[in-house]
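Single-letter residue listing:
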Amino acid sequence: MTEPATTDPPEPLFTAIDHVGVAVPDLEAAIAFYRDTFGMVLLHEEVNTDQGVREAMMGVGDPAAPHSCVQLLAPLDETSTIAKFLDRNGAGVQQVAYRVDDVERVSTVLRERGMRLLYDAPRRGTSNSRVNFVHPKDAGGVLVELVEPAKTPH
């Protein structure tokens, strides 16, 4: 019988699941649905012109406690990546986002492990976070977002 490999797993890169991103055609209707059907709370809403989206962070759980979130993403126009996703797939899960302490360090480690990242340097994300994305072809078909929260949001 072959002995199991004794290599230790690599150090964890993520501190938490930050959010799950859901592409939607109508942001107001989606906010109402998640609020009225699932009891989620609207925590934050903004327009990110760099990403071509209107977005809303819907908090899951006790409003007084730190939240897990669902991020609703609606396209600003037909050239948006989210518009293209909706055309190709319809509404639904578009990404899984993991919280990190240092997006540059995690990006470097992932590149060393053979992952392709979408950006050479992090970009601005929700609430002035810093983000990058792992190409879905390198992550089992899932778009993985790396999120370093802003030290002070907004």
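Use the structure listed above.
All of the points below concern the structure found in this document.

The rules behind these values
Residues numbered from 1 in each chain as written. Predicted model: local features only at pLDDT ≥ 70, side-chain atom pairs only at ≥ 80, totals over all residues. Heavy atoms only, no water. Core = buried A, V, L, I, M, F, W, Y, C linked by side-chain atoms within 4.5 Å. Buried < 20%, exposed > 50% of the residue type's maximum accessible area, 1.4 Å probe, protein only. Helix = DSSP H or I, 4+ residues; strand = E, 2+ residues; numbered from the N terminus. Contact = heavy atoms within 4.5 Å. Polar contact = N/O pair within 3.5 Å; in protein donor to acceptor, adjacent residues only side chain to side chain. Salt bridge = Lys/Arg side-chain N within 4 Å of Asp/Glu carboxyl O.

## Here we look at the nonpolar core
Val-22, Val-24, Leu-27, Ala-30, Ile-31, Tyr-34, Met-40, Ala-56, Met-58, Val-70, Leu-72 and Ala-74 form the largest nonpolar core, which has 12 residues in total. For this core, the secondary-structure elements that each account for two or more residues are α1 (27-38), β3 (53-60) and β4 (68-75). The greatest single-element share of this core, amounting to four residues, is contributed by α1. If we ignore the near neighbours within four places in the chain, the residues touching Met-58 are Ile-31, Tyr-34, Arg-35, Met-40, Val-41, Leu-42, Ser-68, Cys-69, Val-70 and Leu-72.

## A few points about the side chain of Glu-46
Here Glu-46 shows up in strand β2 (residues 41-48). For Glu-46, a relative accessible area of 12% corresponds to the buried category. A distance of 2.8 Å separates polar atoms of two side chains, one belonging to Glu-46 and the other to Arg-124. At a separation of 2.8 Å, a polar atom in the side chain of Glu-46 contacts the main-chain amide nitrogen of Ser-127. For Glu-46, the contacting residues outside a window of four places in its chain are Val-53, Arg-54, Glu-55, Arg-124, Gly-125, Thr-126 and Ser-127.

## A word on the pattern of salt bridges
Taken as a whole and judged by the stated rule, the model has 10 salt bridges. Between Arg-130 and Glu-104 there is a salt bridge, with the nearest N and O atoms lying 2.5 Å from each other. One end of the pair, Arg-130, is in strand β7 (residues 130-134); the other, Glu-104, is in helix α3 (residues 103-112), and 26 residues separate them in sequence. The exposure class assigned to Arg-130 is partly exposed, which follows from its relative accessible area of 29%. With its nearest N and O atoms 3.2 Å apart, the salt bridge here joins Arg-130 to Glu-148. Note that Arg-130 is positioned in strand β7 and Glu-148 in strand β8 (residues 144-148), a separation of 18 residues in sequence. Linked through salt bridges whose partners overlap, the residues forming this network are Glu-104, Arg-130, Glu-148 and Lys-151.

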